[in-house]
Amino acid sequence: MEASSPQACPRCRSPRAAGPECPRCGIIYAKAEARAARQREEAATVAPGVPEEPPPLVDPAWLATPDLRPDVLPLETPAWAGDAEEAAFEHRLRTWAIPVALLVSYVALNGNFSAFAARLITMPFHELGHAMTAWFCGRSAFPTLWKTAIFGRSYVLALMLSAVLGAWAWWGWKRRQWLWVACGASLLALQAVGTLLLSPQTVDMLITFNGDGGMMVLGTVMMLTIYAPAGSYLHKQALRWGFLGLGALSLVDGFLTWWKSKKDFNAIPFGKTEGVGLSDASKLVGMPHNWGEHQLIGRYLTLATVCLVVVAGVYVVQLVRGRARLAAR
């Protein structure tokens, strides 16, 4: 086996990057070199006088694994590619991150001042839910802190969004990231339905509903960024931790609003806001949609339950996979 040069990664032999870790396999250079030095010292201690044979820079068992060999493009980026200590630490973080984030969000949203502060944080995601629904239905929209301005159909905007989603799917296919392909293709199909097939009244209903609805969906997606693979931008820049906190607040805020409304109809956010107009609940229950209070609450709680089930399902799968990886090491 050809030895790696000093300027190459000791694990995957890719060109050595300027940072502390390899961007391809995630190994930390300093730890790999320290481990190699310890192995050489142990070999010299066990067999003194015997010519020292340097340990292999690349583990043969690692090269024997097809999806980790440097000459074979992996089908999926490993969830964590560091050494055993880092993998164990990452597993502990993933075990507690989501439950703690949900618990802290629940406590914050049940206090008077903390609930007000939390809703100031989640309000942009509520408005973004309105705006994104409008974009996927072929309408132009501009979200602000308290109101989203919705305009008419814009086929130029629809074509731009289609190009972005198509490029996302193509980029995922090129890199064999099948999750990207599935997400890009699914959103592209969703946009086609919303832009070409839905009636204006249905579009108005979806835009109104997806204030709190979109906030909970966005919260779910942001929470799941905690599982960003090592070496990714979200992981290296620690953005996943900020998204986890914001996502947990958004999901719990939407769920608690409608859970409390189920117990007490007076908690339904009916009314009118100065400079904004009728609330989303008032629009959905009034003309022309004519939803009943039970329908309104039931549909929001159904969406909240689906979001929580998705988070719980991904959490369990990642927990089991993490334990299996640690056992394999």
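Residues numbered from 1 in each chain as written. Predicted model: local features only at pLDDT ≥ 70, side-chain atom pairs only at ≥ 80, totals over all residues. Heavy atoms only, no water.

(A) Fine view of the packing of aromatic side chains. Under the criterion given, the structure shown has 5 aromatic pairs. Ring geometry for Phe209 and Trp291: centres 5.8 Å apart, planes at 55 degrees, overall tilted. Remark: Trp291 occurs in the loop between α11 (280-285) and α12 (293-328) and Phe209 occurs in helix α7 (residues 200-209); sequence separation between them is 82 residues. Here the two residues Phe209 and Trp291 agree in accessibility, since each one is buried. An angle of 10 degrees between the planes, with centres 4.3 Å apart, marks the rings of Trp258 and Tyr300 as stacked. Here Trp258 is found in helix α10 (residues 239-263), whereas its partner Tyr300 is found in helix α12, with 42 residues between them in sequence. (Phe/Tyr/Trp six-rings, centres within 6.5 Å; stacked < 30°, edge-to-face > 60°. Helix = DSSP H or I, 4+ residues; strand = E, 2+ residues; numbered from the N terminus. Buried < 20%, exposed > 50% of the residue type's maximum accessible area, 1.4 Å probe, protein only.)

(B) Seen up close, the confidence of the model for the protein chain. Predicted confidence across the protein chain gives a mean pLDDT of 85, with 86% of residues reaching 70 or more. Of all helices and strands in the protein chain, the one with the weakest mean pLDDT is helix α2 (residues 60-64) (50), whereas helix α8 (residues 212-223) scores best (97). In this model residues 1-5 is a low-confidence stretch, pLDDT under 50, and it forms 8 contacts with partners more than four residues away in sequence or in other chains. Considering only residues more than four positions removed or in separate chains, one finds that residues 62-70, a stretch of pLDDT under 50, has 15 contacts. (pLDDT = per-residue confidence, 0-100. Contact = heavy atoms within 4.5 Å.)

(C) Spatial organisation of the layout of surface pockets. Reported here for the second largest pocket is a volume of approximately 990 Å³. For the second largest pocket, the lining is made up of 33 residues, of which His126, Glu127, His130, Ser279 and Asp280 are closest to its centre. Secondary-structure elements contributing two or more residues to the lining of the second largest pocket are α4 (112-136), β2 (148-153), α7, α8, α10 and α11. Its residues assigned to classes, the lining of the second largest pocket shows 15 nonpolar, 10 polar and 8 charged. (1 Å grid on protein atoms, 1.4 Å probe; cavity = no way out; pocket = protein on both sides within 12 Å on 5 of 7 lines; lining within 4 Å. Points joined across faces, edges and corners; volume = space filled by probe spheres on them. Nonpolar A, V, L, I, M, F, W, Y, C, P; charged D, E, K, R; others polar.)

(D) Quick peek at a nonpolar patch on the surface. Together, Trp168, Trp170, Trp171, Trp173, Trp178, Leu179 and Trp180 line one region of the surface with nonpolar side chains, adding up to about 810 Å² of accessible area. Elements supplying a minimum of two residues to the nonpolar patch: α5 (155-174) and α6 (178-196). No other element matches α5, which puts 4 residues into the nonpolar patch. Note on placement: Trp171 falls in helix α5. Note on Trp171: relative accessible area 38%, which makes it partly exposed. (Patch = residues over 30% accessible without salt bridge, like charges linked within 9 Å, V, L, I, M, F, W, Y side chains within 5 Å. Areas by Shrake-Rupley, 256 points an atom, 1.4 Å probe, with all protein chains shown as cover. Salt bridge = Lys/Arg side-chain N within 4 Å of Asp/Glu carboxyl O.)

(E) The pairing of strand β1 (residues 139-143), seen in detail. As paired strands, β1 and β2 are joined by 4 bridges and run antiparallel to one another. Looking across to β2, one finds that Pro143 is bridged to Thr148. In this structure, the hairpin formed by β1 and β2 is closed by a connection of 4 residues. (Pairing = 2+ DSSP bridges.)

(F) Geometry of the nonpolar core. Counting residues in each nonpolar core, the largest one holds 26 residues, and the members touching the most others are Ile98, Met216, Met223, Leu244, Trp258, Leu296 and Tyr300. Those elements that provide at least two residues to this core are α3 (84-108), α8, α10, α11 and α12. Filtering out sequence-adjacent residues up to four positions away, Leu296 remains in contact with Trp258, Ile268, Phe270, Ala281, Leu284, Val285 and Trp291. Within the second largest apolar cluster, 7 residues are counted, among which are Cys9, Cys22, Cys25 and Ala32. (Core = buried A, V, L, I, M, F, W, Y, C linked by side-chain atoms within 4.5 Å.)

(G) Representation of the environment of Pro143 in the model. With respect to the helices and strands, the residue Pro143 is situated in strand β1. Ignoring sequence-local partners within four residues, the contact set of Pro143 consists of Glu127, Leu128, Ala131, Trp135 and Thr148.

(H) Focus on empty space enclosed by the protein. One pass over the full model with this rule turns up 2 cavities of 30 Å³ or more. Reported here for the second largest cavity is a volume of approximately 50 Å³. If you go around the second largest cavity, the residues you meet are His91, Arg94, Thr95, Tyr227, Tyr315, Gln318 and Leu319. Those elements giving two or more residues to the lining of the second largest cavity turn out to be α3 and α12. Taken together, the residues of the lining of the second largest cavity sort by class into 3 nonpolar, 3 polar and 1 charged.

(I) A look at the pattern of salt bridges. Applying the stated criterion across every chain yields a total of 4 salt bridges. With a shortest N-O distance of 2.6 Å, Asp204 and Arg139 are connected by a salt bridge. Placement of Asp204 in helix α7 and of Arg139 in strand β1 is noted, with a sequence separation of 65 residues between them. It is possible to trace a salt-bridge network through shared partners that takes in Glu90, Arg94 and Arg240.

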